[in-house]
Amino acid sequence: MKTEVAIITITKVIEGPTMTAATPDEVDCQQHQLVCIDDSGYIERVINESDDDFPAVRRDAEQNDQLLTLKSNEYLLPGFIDLHVHAPQWPNAGVALDRPLNEWLDTYTFPMEAKYKDVGFAKRVYDDLVGELLANGTTTVLYFGSVDNPANLELAKACVNHNQRGFIGKVAMDNPDQTPENYRDASAQSAVDDTERFIQQIDQLNQSAPIKQTAVITPRFVPSCTPESLKGLGELAKKYDLPVQSHCSESDWENGYALEHYHKRDAEVLDEYGLLTDKSVMAHGTLLNQADLDTFKARGVAVAHCPISNVYFGNAVLPVSKLLQHHVKIGLGTDISGGYSPSIYQNIRQAVMSSRMLNDGVNSELAPAQRGTNQQPISAKNGFYLATVGGAKSLHLKTGQIKVGYLADLQVVKSPLKSFEDESMDQIFEKIMYHASEADVKQVFVQGRLAKTSNN
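Our subject in this report is the structure included herewith. (Residues numbered from 1 in each chain as written. Predicted model: local features only at pLDDT ≥ 70, side-chain atom pairs only at ≥ 80, totals over all residues. Heavy atoms only, no water.)

Side note on a nonpolar patch on the surface
1) Next: On the surface, a cluster of nonpolar side chains totalling about 280 Å² of accessible area is made up of Val 311, Tyr 312 and Tyr 340.
2) Next: Its relative accessible area of 51% is what places Val 311 among the exposed residues. (Patch = residues over 30% accessible without salt bridge, like charges linked within 9 Å, V, L, I, M, F, W, Y side chains within 5 Å. Areas by Shrake-Rupley, 256 points an atom, 1.4 Å probe, with all protein chains shown as cover. Salt bridge = Lys/Arg side-chain N within 4 Å of Asp/Glu carboxyl O. Buried < 20%, exposed > 50% of the residue type's maximum accessible area, 1.4 Å probe, protein only.)

The following block contains the structure:
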């Protein structure tokens with residue numbers, strides 16, 4: 001009996017210089033490669049200019065109108081992965097960041113999210129948000145939706161329409177003491193039932209979606225949920241083997257709530273209800289202690305580092321280098337709208353700056369030897385790793401690198417600064433990390449599909 005062999009067809013070949021993270025500390029930069037993408041949206045081959053068949057593969061691709069040759073100042077990078085976006089908060093990006101977290105939620109955030117009962121409003125906002133994130137080079141996003149499933153389904157449809165890979169959660173929040181009457185789940189049971197219903201709706205949408213979307217179990221955070229809803233959501237995560245997202249040790253207020261009401265840290269509460277798994281992504285984590293980090297490592301939990309947002313609401317700086325050294329999974333998130341910028345580039349920069357301030361210290365009244373900490377600063381290369389490989393590992397995705405067998409989630413980026421002399425690829429990489437903006441992201445591919453192009 002003959003075994004059928006799948007025939008793989010190359011549909012696109014991208015020619016040009018490439019930059020991809022090899023390790024947390026190393027970026028592999030190549031001057032001239034062919035990246036061959038198959039009809040399933042995976043990278044089938046990466047061919048170096050020195051390889052014998054480089055001329056033939058290039059010639060065939062050109063003759064078949066499959067060749068995309070980058071301009072002299074353009075570079076091919078993996079697409080970014082954003083591990084924390086509050087989709088309904090997009091209209092509020094940059095608003096009231098000077099307020100304390102609980103006041104910001106009650107006065108600005110919950111009222112905004114309540115507006116998504118209007119499906120038409122949701123459709124307009126989400127179409128704009130998904131397009132904006134793609135325009136910034138972000139190919140995969142872990143989204144918090146809202147309480148209302150019709151709006152959440154519009155978010156999933158926007159991802160499908162724009163060719164973005166979305167991980168999307170119906171937000172569960174049923175605690176009447178910490179949530180407004182006009183914006184909460186009616187009960188713990190309805191929070192769980194509506195979450196399960198959304199899982200089924202995503203399954204149905206995926207029947208015809210070229211890029212699959214993933215439902216995510218999403219308790220907002222410990223203060224917003226009752227023990228009953230946390231328990232039910234943990235059981236759903238196990239039943240469907242789905243990702244989980246929430247906030248953990250985000251601020252003094254949130255951390256203090258768990259200690260006051262449960263006499264446990266919030267990581268312990270989430271773990272007790274089965275919400276810390278190897279598919280869990282916990283946002284912020286600025287106040288995680290060593291016991292929490294040990295739990296995260298043991299369970300395989302990932303941290304979504306949101307450096308811009310943490311400046312406003314985190315009450316501390318996440319020691320990124322410590323998490324990397326302890327092999328705790330970690331990636332980057334923008335945390336719209338607690339973070340004002342949809343750009344992962346901006347968050348890479350802030351991650352580096354915050355790490356340096358943590359290391360150096362900020363209180364000038366202290367002697368230099370007492371001012372800082374022993375937490376080592378991170379580099380742009382570390383930040384790039386978090387934005388690509390770190391995010392991919394956090395979501396169990398085979399993407400984030402320009403590598404054979406990986407999803408062709410890619411961005412074409414123009415070098416943002418004019419070169420006045422010969423520069424190494426490492427120098428160009430650092431200039432891209434520190435200067436690139438949306439205007440420099442020329443094309444974006446998700447699973448080989450063109451999701452964004454710019455003629456600027």
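Structural notes on the side chain of Gln 213
1) Next: Here Gln 213 shows up in the loop between helix H5 (188-205) and strand S9 (214-219).
2) Next: There is a polar contact of 2.7 Å between the side chain of Gln 213 and the backbone nitrogen of Gly 166.
3) Next: When neighbours within four sequence positions are excluded, Gln 213 is seen to be in contact with Ala 156, Cys 159, Val 160, Gln 164, Arg 165, Gly 166, Ile 168, Ile 202, Leu 205 and Asn 206. (Helix = DSSP H or I, 4+ residues; strand = E, 2+ residues; numbered from the N terminus. Polar contact = N/O pair within 3.5 Å; in protein donor to acceptor, adjacent residues only side chain to side chain. Contact = heavy atoms within 4.5 Å.)

Points about unusual backbone geometry
1) Next: Ser 337 follows Ile 336 through a cis peptide bond whose omega is 5°.
2) Next: Take Ser 337: it is sitting in the loop between strand S13 (329-332) and helix H12 (344-360).
3) Next: Notably, His 396 is not glycine yet its phi reads approximately 60°, a positive angle.
4) Next: On the secondary structure map, His 396 appears in the loop between helix H14 (380-394) and strand S14 (410-414).

Let's talk about the pairing of strand S8 (residues 165-172)
1) Next: Burial of S8 is extensive: eight of the eight residues sit out of reach of the surface.
2) Next: Alternating residues of S8 divide into Arg 165, Phe 167, Gly 169 and Val 171 and Gly 166, Ile 168, Lys 170 and Ala 172, and every residue in both groups is buried.
3) Next: One ladder, built from five bridges, connects strand S7 (residues 138-144) with S8; its direction is parallel. When the bridges of S8 are listed, Phe 144 appears paired with Gly 169.
4) Next: Crossover connection from S7 via helix H4 (residues 149-162) to parallel S8: handedness right-handed.
5) Next: Examined bridge by bridge, S8 and S9 share six bridges and lie parallel to one another. Of the residues in S9, the one forming a bridge with Lys 170 is Ile 217.
6) Next: Considered for its hand, the β-α-β crossover made up of S8, H5 and S9 is right-handed. (Pairing = 2+ DSSP bridges. Right-handed = clockwise from strand over helix to strand, strands pointing away.)

Observations regarding the packing of aromatic side chains
1) Next: For the structure shown, the criterion picks out eight aromatic pairs.
2) Next: Pairing Phe 384 with Phe 429 gives two aromatic rings, centres 5.2 Å apart and planes at 65°, and the pair type is edge-to-face. Residue Phe 384 is found in helix H14, and its partner Phe 429 is found in helix H15 (residues 425-435); the two are separated by 45 residues along the sequence. Across this residue pair, the class does not change: Phe 384 and Phe 429 are buried.
3) Next: Ring pairs connect the aromatic residues Tyr 116, Phe 121 and Tyr 126, which therefore count as one cluster. (Phe/Tyr/Trp six-rings, centres within 6.5 Å; stacked < 30°, edge-to-face > 60°.)

Here's the deal with helix H6 (residues 227-240)
1) Next: Taking 1.5 Å of rise per residue, 14 residues should cover 20 Å, and H6 covers 20 Å from first to last C-alpha, within 8% of that figure.
2) Next: All buried positions along H6 are accounted for by Ser 229, Leu 230, Gly 232, Leu 233, Gly 234, Leu 236 and Ala 237.
3) Next: Lining the buried residues of H6 we find S8, H5, S9, strand S10 (244-248), helix H7 (252-262) and helix H8 (266-272).
4) Next: One or two residues past the end of H6 sits Asp 241, with phi positive at roughly 50°. (Expected span 1.5 Å × (residues − 1).)

Examining the packing of H12 against H14
1) Next: For the pair H12 and H14, the least separation of the axes is 9 Å and the interaxial angle reads 135°. Judged by the inter-axis angle, H12 sits oblique to H14. As for how H12 packs across H14, the hand of that crossing is right-handed. Across from Ile 344, Ile 348 and Val 352 in H12, the residues of H14 making contact are Ala 380, Gly 383, Phe 384 and Ala 387. (Axes fitted to C-alpha atoms, helices over the stretch in contact; angles between N-to-C directions. Parallel < 35°, antiparallel > 145°, perpendicular 65-115°, else oblique. Left-handed = near helix turned anticlockwise from the far one by under 90°.)

Considerations on empty space enclosed by the protein
1) Next: Throughout the structure, instances matching the rule amount to one cavity of 30 Å³ or more.
2) Next: Looking at the largest cavity, its volume works out to about 100 Å³.
3) Next: For the largest cavity, the lining is made up of 13 residues, of which His 86, Trp 104, Leu 105, His 247 and Glu 250 are closest to its centre.
4) Next: Of all the elements in the fold, those that place two or more residues in the lining of the largest cavity are helix H2 (101-114) and helix H10 (307-313).
5) Next: Looking at the lining of the largest cavity element by element, the count peaks at three residues for H2.
6) Next: Class assignment of the residues belonging to the lining of the largest cavity gives a composition of five nonpolar, five polar and three charged. (1 Å grid on protein atoms, 1.4 Å probe; cavity = no way out; pocket = protein on both sides within 12 Å on 5 of 7 lines; lining within 4 Å. Points joined across faces, edges and corners; volume = space filled by probe spheres on them. Nonpolar A, V, L, I, M, F, W, Y, C, P; charged D, E, K, R; others polar.)

A short note on the pattern of salt bridges
1) Next: The tally for this structure, following the rule as stated, stands at 18 salt bridges.
2) Next: The residue Arg 45 makes a salt bridge to Asp 53 at a minimum N-O spacing of 2.7 Å.
3) Next: The exposure class of Arg 45 is partly exposed, given its relative accessible area of 34%.
4) Next: The residue Lys 264 makes a salt bridge to Glu 272 at a minimum N-O spacing of 2.5 Å.
5) Next: Judged by its relative accessible area of 30%, Lys 264 is partly exposed.
6) Next: Residue Glu 272 is classed as partly exposed on the basis of its relative accessible area of 45%.
7) Next: Ionic contacts of the salt-bridge type, sharing partners, join the residues Glu 15, Arg 58 and Glu 62 into one network.

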